[in-house]
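Examination of the molecular architecture
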Amino acid sequence: MTDTYTLIERALNYLSDHWEDQPELSDLADHVGMSEYHLQRLFTKWAGISPKKFLSQLTLDQARRRLEANESILDAALGSGLSGPGRLHDLFVTYEAMTPGEYKRQGDGLVIRYGWHEGPFGATLLMVTDRGLCGLAFEDERGRDGCFAEMAERWPGAFLREDMVETKRYMNRIFHPETLKDDPQEGALRLVLKGTEYQVKVWEALMTLPQGSMTTYGNLAKMVSGGTGGARAIGSAVGANPIAWLIPCHRVIRSSGALGGYRWGLPRKLAMLGMEAS
């Protein structure tokens, strides 16, 4: 599976670097060393859409048009006193922030169960408590050990225990909710947020962004503080997001309309935006 993701990563990087040339499927297949037929099937399975549709969704002009439309919607919603035009997975995801006392204790005595699973964006690390999901990350160039160490550092006082069964249940709820629609035991997916008051406000703002939309750091600062300043502080809070995908920091782009970077790699950001656009 890791080799498969590496091939898709190469394909996504190629499309990102050559979008202006609008490469054909044959060009992409030659680049990754696969037949067009197998690349089409594999790419569609992992990214959710075909290479051609993915490319069309991720041109710079398309990003700008989505951004401009999103700004007007958010301005209208915020001007009416609403938190935003929609919430991520409404009636599916709820969250609670840790109290100041809990934050100060750094998870002392807390039991966190974790597990690595293969998903649509590669190897995925899930961390859960009795109160809900507290971490979602992806394997990157540091490898699984390096990624896990960084996530574990957030909870220095907690006891971490591998639990593939429990984390698999969360994996299904997040990426394959259709398999659980007939299960009466499955309620809203709960998130447990551990961060400073400002970070939590930024993450809350991110969760008001409609699926398939984009915003800028400056607009996000406006949502959080009512002003246009503080983009650097916003960027720091976005980068500290402990629950990827569900707290959609991948929807934040630069004011120029360029996609910018992403903590878990630009190929994943492209895959996420492409999947949402489809």
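A few points about the packing of aromatic side chains
For the structure shown, the criterion picks out six aromatic pairs. Here the aromatic rings of Phe 121 and Phe 175 are separated by 6.1 Å at their centres, their planes lie at 70°, and the arrangement is edge-to-face. Linking Phe 121 in the loop between strand S2 (111-119) and strand S3 (122-129) with Phe 175 in helix H8 (residues 164-175), this pair joins segments that are 54 residues apart in sequence. Each member of the pair, Phe 121 together with Phe 175, is buried. The interplanar angle of 55° and the centroid separation of 5.1 Å between the aromatic rings of Phe 121 and Trp 245 together place this pair among those described as tilted. With Phe 121 in the loop between S2 and S3 and Trp 245 in the loop between helix H11 (231-239) and strand S8 (252-253), the pair connects residues that are 124 residues apart, well separated along the chain. Aromatic rings pair up to connect Phe 121, Phe 138, Phe 175, Trp 245 and Trp 264 into one cluster.

Concerning the environment of Glu 139
Note on placement: Glu 139 falls in the loop between strand S4 (132-138) and helix H7 (143-152). Separated by 15 residues in the primary sequence, Glu 139 and Thr 124 have C-alpha atoms spaced 6.5 Å apart. Those residues in contact with Glu 139 that lie beyond four places of it in its chain are Trp 116, Ala 123, Arg 144 and Arg 268.

Digging into the pattern of salt bridges
For the coordinates displayed, the defined rule picks out nine salt bridges. As a salt-bridge pair, Arg 113 and Asp 163 come within 3.8 Å of each other at their nearest N and O atoms. Pair noted here: Arg 113 is in strand S2 and Asp 163 is in the loop between strand S5 (159-162) and H8, with a separation of 50 residues, a long-range link. With a shortest N-O distance of 3.3 Å, Arg 144 and Glu 118 are connected by a salt bridge. Here Arg 144 is found in helix H7, whereas its partner Glu 118 is found in strand S2, with 26 residues between them in sequence. The exposure class of Arg 144 is partly exposed, given its relative accessible area of 31%. Look at the salt bridges and you will find they share partners, linking Asp 140, Arg 142, Glu 150 and Arg 263 into a network.

Some points on the nonpolar core
Among the nonpolar cores identified, the biggest contains 76 residues, and Leu 133, Ile 174, Leu 206 and Leu 220 are the most heavily contacted of them. Ranked by residues supplied to this core, first place goes to helix H1 (residues 2-17) with six residues. With sequence-adjacent residues up to four places away left out, Ile 174 is seen in contact with Leu 126, Leu 133, Leu 136, Leu 189, Trp 245 and Leu 246.

Here's the deal with helix H12 (residues 266-277)
The end-to-end C-alpha separation of H12 is 16 Å, in line with the 16 Å expected for 12 residues at 1.5 Å each. In terms of residue burial, H12 counts as a mostly covered element, since nine of its 12 residues are buried. Those residues of H12 that sit buried are Pro 267, Arg 268, Lys 269, Leu 270, Ala 271, Met 272, Leu 273, Gly 274 and Glu 276.

Brief notes about the packing of helix H9 (residues 197-206) against H11
Where H9 meets H11, the axes come as close as 9 Å, and the angle between the chain directions of the two elements is 80°. What the angle tells us is that H9 and H11 run roughly perpendicular. Touching Tyr 198, Gln 199, Val 202, Trp 203 and Leu 206 of H9 are Ala 233, Ile 234, Ala 237 and Val 238, all from H11. Across the contact of H9 with H11, the residue classes tally to eight nonpolar, one polar and no charged.

Some thoughts on the packing of H9 against helix H10 (residues 217-225)
The relative placement of two packed helices is expressed as an angle between their axes plus a distance between the axes. Close contact between H9 and H10 brings their axes to 9 Å; oriented N to C, the two are set at 110°. With respect to each other, H9 and H10 are oriented roughly perpendicular. Crossing of H9 against H10: the hand is right-handed. Contacts between H9 and H10 pair Tyr 198, Lys 201, Val 202, Ala 205 and Leu 206 from the former with Leu 220, Met 223 and Val 224 from the latter. Tallied by class, residues from the contact of H9 with H10 come to seven nonpolar, no polar and one charged.

Re the side chain of Lys 194
Looking at the secondary structure, you find Lys 194 in the loop between strand S6 (189-193) and H9. Although Lys 194 is buried, it forms no salt bridge, and the closest oppositely charged side chain is Glu 153 at an N-O distance of 10 Å. Here the side chain of Lys 194 touches Arg 154 through a polar contact of 2.7 Å, landing on its backbone oxygen. Residue contacts for Lys 194: discarding those within four places in its chain leaves Met 98, Tyr 103, Gln 106, Arg 154, Trp 155 and Trp 203.

Conventions used here
Residues numbered from 1 in each chain as written. Predicted model: local features only at pLDDT ≥ 70, side-chain atom pairs only at ≥ 80, totals over all residues. Heavy atoms only, no water. Phe/Tyr/Trp six-rings, centres within 6.5 Å; stacked < 30°, edge-to-face > 60°. Helix = DSSP H or I, 4+ residues; strand = E, 2+ residues; numbered from the N terminus. Buried < 20%, exposed > 50% of the residue type's maximum accessible area, 1.4 Å probe, protein only. Contact = heavy atoms within 4.5 Å. Salt bridge = Lys/Arg side-chain N within 4 Å of Asp/Glu carboxyl O. Core = buried A, V, L, I, M, F, W, Y, C linked by side-chain atoms within 4.5 Å. Expected span 1.5 Å × (residues − 1). Axes fitted to C-alpha atoms, helices over the stretch in contact; angles between N-to-C directions. Parallel < 35°, antiparallel > 145°, perpendicular 65-115°, else oblique. Nonpolar A, V, L, I, M, F, W, Y, C, P; charged D, E, K, R; others polar. Left-handed = near helix turned anticlockwise from the far one by under 90°. Lys, Arg positive; Asp, Glu negative; His and termini not counted. Polar contact = N/O pair within 3.5 Å; in protein donor to acceptor, adjacent residues only side chain to side chain.

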